[in-house]
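# Understanding the architecture of this molecule
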Amino acid sequence: MVFNLYILTLIQSTIILKTKNLIFDLDGTLWDSKATIIKIWNEILGKHQLIKKALKPEDMNQYMGLLAHDIVKDIIPGISDLQARKILSEIVAEENKTLHLEGGILYDGVEETLKSLSSTCSLFIVSNCQDGYIESFLEYYQFNDLFVDFESHGRTQKNKSENIRLLMERNQLSTENSVYIGDTQTDYDSANSNGLPFIFCKYGFGKLTNPLYELTITNFSELKFQISDITK
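Being a predicted model, the structure only gives us computed values, none of them experimental.

Moving on, we come to the overall build of the protein chain. Helix and strand counts for the protein chain stand at ten helices and eight strands. A burial count over the protein chain gives 50% of its 232 residues as buried. Counting contacts in the protein chain only where the partners sit at least 6 residues apart, residues at least 24 apart contribute 65% of the total. Total accessible area computed for the protein chain in this model is approximately 11700 Å², and 51% of it derives from carbon and sulfur atoms.

Attention now moves to the sheet that holds strand 4 (residues 122-127). Spatially, 5-4-1-6-7-8 is the arrangement adopted by the six strands of the open sheet, whose pairing is parallel. Of all the strands in the sheet, just strand 5 (147-152) and strand 8 (216-217) have a single pairing partner and so form its edges. Here strand 1 (residues 21-24) runs beside strand 6 (residues 178-182); their pairing, made up of four bridges, is parallel. Across the sheet, Phe24 pairs through a bridge with Ile181, a residue of strand 6.

A few words now on the packing of helix 3 (residues 68-75) against helix 4 (residues 81-102). Between helix 3 and helix 4, whose axes approach to 10 Å, the crossing angle comes to 115°. Helix 3 and helix 4 meet at a crossing whose hand is right-handed. Contacts between helix 3 and helix 4 pair Ala68, His69, Val72 and Lys73 from the former with Asp81, Ala84, Arg85 and Leu88 from the latter. Of the residues contributing to the contact of helix 3 with helix 4, the split by class is four nonpolar, one polar and three charged.

The next point concerns the pairing of strand 7 (residues 198-201). In strand 7, alternate side chains face the same way, and those of Phe198 and Phe200 on one face and Ile199 and Cys201 on the other are all buried. Taken together, strand 6, helix 9 (residues 185-193) and strand 7 constitute a β-α-β crossover, and its handedness is right-handed. Across two bridges, the pairing between strand 7 and strand 8 is parallel. Counterpart to Cys201 in the pairing with strand 8 is Ile217.

Moving on: the pattern of salt bridges. In a structure, side chains of opposite charge can pair up when their charged atoms sit close to one another. Summed over the entire model, instances satisfying the criterion amount to eleven salt bridges. Salt-bridge contacts for Lys73 lead to Asp81; the nearest nitrogen and oxygen are separated by 2.8 Å. With a shortest N-O distance of 2.9 Å, Lys115 and Glu111 are connected by a salt bridge. Of this pair, Lys115 and Glu111 are both found in helix 5 (residues 110-117), four residues apart, which corresponds to roughly one turn of the helix. For Lys115, a relative accessible area of 44% corresponds to the partly exposed category.

Our next topic: the side chain of His153. You can see His153 is positioned in helix 7 (residues 153-156). In this structure the side chain of His153 is engaged in a polar contact, spanning 2.9 Å, whose partner is the backbone oxygen of Lys158. Ignoring anything within four residues of it in the chain, the contact list for His153 reads Leu67, Ser127, Asn128, Cys129, Lys158 and Asn163.

Mapped onto the secondary structure, Thr113 falls in helix 5. The class of Thr113 is buried, set by a relative accessible area of 0%. In contact with Thr113, not counting residues within four places along its chain, are Phe220, Ser221, Leu223 and Lys224.

What follows covers the nonpolar core. Counting 69 residues, the largest nonpolar core has Phe24, Leu30, Trp41, Leu114, Ile125, Phe137 and Phe147 as the members making the most contacts within it. The residues touching Phe147, leaving out its near neighbours within four places in the chain, are Phe24, Leu30, Leu114, Leu123, Phe124, Ile125 and Leu138.

Let's shift gears to the packing of helix 4 against helix 6 (residues 133-140). Packed helices, taken two at a time, are described by the angle their axes make and the gap between the axes. Where helix 4 meets helix 6, the axes come as close as 8 Å, and the angle between the chain directions of the two elements is 15°. By the angle between their directions, the pair helix 4 and helix 6 is classed as roughly parallel. Our pair here, helix 4 against helix 6, has a crossing hand that is right-handed. Taken together, the residues of helix 6 that come into contact with helix 4 (itself represented by Glu95, Asn96, Leu99, His100, Leu101 and Glu102) are Tyr133, Ser136, Glu139 and Tyr140. Classifying every residue of the contact of helix 4 with helix 6 by side-chain character gives four nonpolar, three polar and three charged.

The rules we used
- Residues numbered from 1 in each chain as written.
- Predicted model: local features only at pLDDT ≥ 70, side-chain atom pairs only at ≥ 80, totals over all residues.
- Heavy atoms only, no water.
- Helix = DSSP H or I, 4+ residues; strand = E, 2+ residues; numbered from the N terminus.
- Buried < 20%, exposed > 50% of the residue type's maximum accessible area, 1.4 Å probe, protein only.
- Contact = heavy atoms within 4.5 Å.
- Areas by Shrake-Rupley, 256 points an atom, 1.4 Å probe, with all protein chains shown as cover.
- Pairing = 2+ DSSP bridges.
- Axes fitted to C-alpha atoms, helices over the stretch in contact; angles between N-to-C directions.
- Left-handed = near helix turned anticlockwise from the far one by under 90°.
- Nonpolar A, V, L, I, M, F, W, Y, C, P; charged D, E, K, R; others polar.
- Right-handed = clockwise from strand over helix to strand, strands pointing away.
- Salt bridge = Lys/Arg side-chain N within 4 Å of Asp/Glu carboxyl O.
- Polar contact = N/O pair within 3.5 Å; in protein donor to acceptor, adjacent residues only side chain to side chain.
- Core = buried A, V, L, I, M, F, W, Y, C linked by side-chain atoms within 4.5 Å.
- Parallel < 35°, antiparallel > 145°, perpendicular 65-115°, else oblique.

Dropping the structure here:
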């Protein structure tokens, strides 16, 4: 058993050393936007009398990174698909406008680490968010020049696994020198289905079904040490 764990660690380290393309999730990986968006959800859901009490930021933890339509359906049991789409349309429009002006909370070390990594690696984002959400993130923090490309569920209506595949095909990325970085089991599964190694952000919103998974970071700044040898 000890020998097997040693071999697994050795294989994982070898993969990371060859990594040149970093594909990131957004919520729970690069930033936390709950404090900004919760006000929007409460305002719109309250206006339509769809909630009895205001949602708290921590209420959204379980939903971050999920499809927005699924979030609405879970928060408002029994709501029709048509009404859910109408409500979501209002929320999305207001979220994109507000996030563009107010942003969210970057995790510690994100700006410095991204700028450092972009000098030797190509950076990408694939998220389950709506169209315009990633753009708001990039524009608010002036990160447009750091990222080569991005993809979202809102733009393609595809799941995360398919969007990772789409982005990789569009940019001619190889599984041998690419990695996906995220904070949920869905992120892990999406990376795995595309043959990508996965780095788990333990500080994010989710957990993995395998508590012994070793390729993890507890602070975003640790990422540059995981791949610090790729140019050597």
